[in-house]
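# Commentary on secondary and tertiary structure
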Amino acid sequence: MMRARVPLLLLGILFLASLSASFATSLREEEESQDNPFYFNSDNSWNTLFKNQYGHIRVLQRFDQQSKRLQNLEDYRLVEFRSKPETLLLPQQADAELLLVVRSGSAILVLVKPDDRREYFFLTSDNPIFSDHQKIPAGTIFYLVNPDPKEDLRIIQLAMPVNNHQIHDFFLSSTEAQQSYLQEFSKHIPEASFNSKFEEINRVLFAEEGQQEGVIVNIDSEQIEELSKHAKSSSRKSLSKQDNTIGNEFGNLTERTDNSLNVLISSMEMKEGALFVPHYYSKAIVILVVNEGEAHVELVGPKGNKETLEFESYRAELSKDDVFVIPAAYPVAIKATSNVNFTGFGINANNNNRNLLAGKTDNVISSIGRALDGKDVLGLTFSGSGEEVMKLINKQSGSYFVDGHHHQQEQQKGSHQQEQQKGRKGAFVY
């Protein structure tokens, strides 16, 4: 009898363990579905890599670590750089392709190439159409200057690591914050490489005396002036045929695709109360970063983390430095609760289309209705007839950005009138 009970007991333990694991998995999926996996709050999503009195470098947590739904972004990272006036980010190279966008201020970017070649770029956020941006190839040594005597420099970078999912910055300098990577070689390697004794190498390159406080340092105006002579404008030019610009009195959006990186760069501004009508991107996964201001965003996607025909809305109140990810084909609407502007990066952007679900222009629903049998299809798709659907769609004469307060004000006006009528009626009765 005891021998028969032991296998039964083991089977019972295995069953309970399996049940527990299954419950834990379903609980994690339920928790993830209850949270918003597409929203990265600025308060707890950015990790500081370096900070001193002159500025900081921060990196957003990995997208795929927040949610399995963002696994296609595992090879992309966001990096934020900020520096005080008249400062220098010391020379470095990164094991990642970098796409750098100026959010505010101006910068002199220097790319160092072999054979004594250098490229100087002057970047600024003053361009009314599109903030300046520049691509930095992986492994290229570069340094960055904030030449302005008064304004801070703010930069956002899309980093595409080439080794693994992490980014590593290799600084030549040895500072109070970190050692130069050159110091990690055995003594005989730098001695032979520089044809000098190690003591001299250490004194000239690595000695603690004269070390900078960190990788962001102060630079004098004469040095800035010399660098400025070589700098040229990077992307401040007339829009190319590949640029896509839409806009009206409520907002504007400019998109530019870098085909070599398969990445879309966007700059969007919206006035308080404006609504970017529901729309979706056909292929691109868009990473939206709030530069200034506040907005309400609603994204519609599958319920939970499974293949399903059930959908739910993922809402977030966005503010400065918040990040929101818009997956491909997921409909989204954005309402500005203050004047707001965004920088966006679209991943998998080649041959991508933006499809609108409302408004006069580029509306894919109205495109169905204008086909030969379109109204019949709309009548079968929605509860009303095809003619009723088209009539409803055509009520909106605006495109892309519309007045988000209009219908809300009408509703409030109607409610106010109803309250007044109730009040008058009540007074009459009494």
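Look above for the structure.
Quick caveat, the model's predicted, so the values are computed rather than measured.

So, about the nonpolar core. Leu-78, Leu-158, Met-270, Ile-334 and Phe-342 are the most contacted members of the largest nonpolar core, which totals 56 residues. Per element, the largest residue contribution to this core is six residues, and it comes from strand E19 (residues 285-292). Counting the residues that make up this core, at least three belong to each of domain 1 (39-173 + 212-237) and domain 2 (242-407). With sequence-adjacent residues up to four places away left out, Met-270 is seen in contact with Phe-250, Gly-251, Leu-275, Phe-276, Ile-334, Lys-335, Ala-336, Ser-338, Asn-339, Val-340, Phe-342 and Phe-401. Counting residues in hydrophobic clusters, the runner-up holds 37 residues, among them Phe-50, Leu-90, Ala-94 and Ile-216.

In this section: the environment of Ser-221. When you line up the elements, Ser-221 lands in helix H5 (residues 221-230). The partly exposed category is assigned to Ser-221, whose relative accessible area is 46%. Placed 72 residues apart in sequence, Ser-221 and Pro-149 show a C-alpha to C-alpha distance of 8.4 Å.

A word on the environment of Ser-267. Positionally, Ser-267 belongs in strand E17 (residues 263-270). Ser-267 sits 15 residues away from Asn-252 along the chain, and the two C-alpha atoms are 8.3 Å apart.

Of all nine residues making up strand E11 (residues 153-161), nine are buried, and the element is well covered by its neighbours. Here E11 shows a buried face lined by Leu-153, Ile-155, Gln-157, Ala-159 and Pro-161 and a second buried face lined by Arg-154, Ile-156, Leu-158 and Met-160. The pairing of strand E4 (residues 77-83) with E11 spans seven bridges and is classified as antiparallel. Residue pairing in the sheet places Arg-82 in a bridge with Arg-154 of E11. Strand direction decides the pairing type here: strand E6 (residues 96-104) and E11, joined by eight bridges, are antiparallel. The residue bridging Glu-97 from the neighbouring strand is Met-160, located in E11.

This next bit is on the pattern of salt bridges. Considering all chains together, one arrives at 17 salt bridges under this definition. Across the pair Arg-82 and Glu-80 runs a salt bridge, and its minimum N-O distance is 3.5 Å. A relative accessible area of 0% means that Glu-80 is categorised as buried. The residue Arg-154 makes a salt bridge to Asp-321 at a minimum N-O spacing of 3.6 Å. A residue pair is termed long-range when its members are at least 10 positions apart, and Arg-154 in strand E11 and Asp-321 in the loop between strand E21 (311-318) and strand E22 (323-326) qualify at 167 residues. Taken as a pair, Arg-154 and Asp-321 share a single burial class, namely buried.

So, on to the sheet that holds strand E3 (residues 55-60). Strand order across the open sheet formed by six strands is E2-E3-E4-E11-E6-E9, with antiparallel pairing between neighbours. Both outer strands of the open sheet, strand E2 (46-52) and strand E9 (133-136), are each paired with one neighbouring strand and no more. Recorded for the sheet is a direction-independent mean angle of 20° between the axes of neighbouring strands.

If you walk through the whole model with that rule in mind, you get three cavities of 30 Å³ or more. Estimated volume of the largest cavity: approximately 110 Å³. Leu-49, Ile-57, Val-79, Phe-81, Leu-89, Gln-92, Ala-94, Leu-98, Phe-142, Gln-157, Ile-167 and Asp-169 together form the lining of the largest cavity. Broken down by secondary-structure element, the contributors of at least two residues to the lining of the largest cavity are E4 and strand E5 (87-94). At three residues, the largest contribution of residues to the lining of the largest cavity is made by E5. Around the second largest cavity, the lining residues are Leu-253, Glu-255, Ser-266, Met-268, Phe-276, His-279, Tyr-281, Val-286, Leu-288, Ile-326 and Ile-334. Elements with a contribution of two residues or more to the lining of the second largest cavity: strand E16 (251-258), E17, strand E18 (274-281) and E19. Counting residues per element, the lining of the second largest cavity draws most heavily on E18, which supplies three residues.

Here we come to unusual backbone geometry. We note that Asp-115 has phi near 60°; this positive angle belongs to a residue other than glycine. Among the secondary structure elements, Asp-115 is positioned in the loop between strand E7 (106-113) and strand E8 (117-124). Even without a glycine there, the phi angle at Tyr-400 is positive, about 65°. Of note, Tyr-400 is situated in the loop between helix H8 (386-393) and strand E26 (401-403). Note on Tyr-400: relative accessible area 10%, which makes it buried.

Quick notes on the rules
- Residues numbered from 1 in each chain as written.
- Predicted model: local features only at pLDDT ≥ 70, side-chain atom pairs only at ≥ 80, totals over all residues.
- Heavy atoms only, no water.
- Core = buried A, V, L, I, M, F, W, Y, C linked by side-chain atoms within 4.5 Å.
- Buried < 20%, exposed > 50% of the residue type's maximum accessible area, 1.4 Å probe, protein only.
- Helix = DSSP H or I, 4+ residues; strand = E, 2+ residues; numbered from the N terminus.
- Domains from an automatic or database assignment.
- Contact = heavy atoms within 4.5 Å.
- Pairing = 2+ DSSP bridges.
- Salt bridge = Lys/Arg side-chain N within 4 Å of Asp/Glu carboxyl O.
- Axes fitted to C-alpha atoms, helices over the stretch in contact; angles between N-to-C directions.
- 1 Å grid on protein atoms, 1.4 Å probe; cavity = no way out; pocket = protein on both sides within 12 Å on 5 of 7 lines; lining within 4 Å.
- Points joined across faces, edges and corners; volume = space filled by probe spheres on them.

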